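# Residue-level structure breakdown
Given next are the chains, with one letter for each unit.
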Amino acid sequence: MIRTLLIITAFGLLACNSSPKNTENKAEEITSPDVNTILVTDTTKAAAWLIDAVKEHFENNDPTMETMSTKTYYQYKTEATNVDMGINGSLDRLAFEQKWKDQFDTKYAGIQTGFLISAQDNGKVIVNSFDFLKEENNKLWFNVILEDVDFKTKFRREIAIVKEDNSFKVADVKESIE
């Protein structure tokens, strides 16, 4: 009788010890965020941010190019806009390409054009279409068509968004994409 009681107690203790491990593992599996889920969530949030930021930028110039861009992209695009302009600090095309070739594909820089669109003047600019392309080097790349509805002009861009300081920022814009 004592022997039977010891065997039942031993099985009971083994069963109690093994259950929490299984429950704990299951809890970890359930609560651990899946990389694809994070990517989808960030992609959706980045898309919403960009659509709103573009609208506000062209309506009120707020956010400005500087506040909606990473510091590096802001400096790159500012220098691209000023290439061969002959103003203090502007670079010629070769110097610009040499300086930035390791960080950006300079053939898509939008030399001597504005931020996001290449038109000097613009009417109401909206995001006409928006598709996720890829995630690469912590950047979310989107194929974006910006449309100036007043001037009936469309601008196709590939725009890279990064998460920085609990917000999103433009990290690159490839212009003149065919």
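Quick note: structure is the one above.
Cut-off values and rules
Starting afresh in each chain, residues are numbered from 1 along the sequence in its written order. Under the rules for a predicted model, residues below a pLDDT of 70 receive no local features and side-chain atom pairs below 80 are neither given nor counted, while totals for whole chains, interfaces and linings still include all residues. To obtain the side-chain values, all non-hydrogen atoms of the structure were included, while hydrogens and water were left out. Pairing between strands is defined by DSSP: at least two bridges between them are needed. Numbering goes from the N terminus for both helices and strands, where a helix is a DSSP run of H or I of at least four residues and a strand is a run of E of at least two. In this description, a line fitted to the C-alpha atoms serves as the axis of each element, helices being fitted only across the stretch in contact, and the angle between N-to-C directions of two axes falls anywhere from 0 to 180 degrees.

### Considerations on the sheet that holds strand β2 (residues 139-148)
- Within the open sheet, the four strands sit side by side as β1-β2-β3-β4. Their pairing is antiparallel. Looking at which strands have only one partner, the edges of the open sheet turn out to be β1 (125-136) and β4 (167-174). Between one strand axis and the next, the sheet turns by 30 degrees as a mean value, whatever way the strands run.
- As defined by bridge partners, strand β3 (residues 153-164) adjoins β4 across seven bridges and the pair is classed as antiparallel. Bridging from a neighbouring strand, Ile 159 pairs with Val 173 of β4.

### Focus: unusual backbone geometry
- Between Asp 62 and the following residue, Pro 63, the backbone shows a cis peptide bond with an omega angle of 20 degrees.
- Relative to the assigned elements, Pro 63 resides in the loop between α2 (35-60) and α3 (65-68).
- Despite not being glycine, Asn 61 shows a phi value in the positive range, around 55 degrees.
- Residue position: Asn 61 is located in the loop between α2 and α3.
- Within the chain, Asp 84 stands out as a residue other than glycine whose phi angle is a positive 60 degrees.
- Within the secondary structure, Asp 84 sits in the loop between α4 (71-81) and α5 (93-100).

Worth remembering: the numbers are spatial, not functional.
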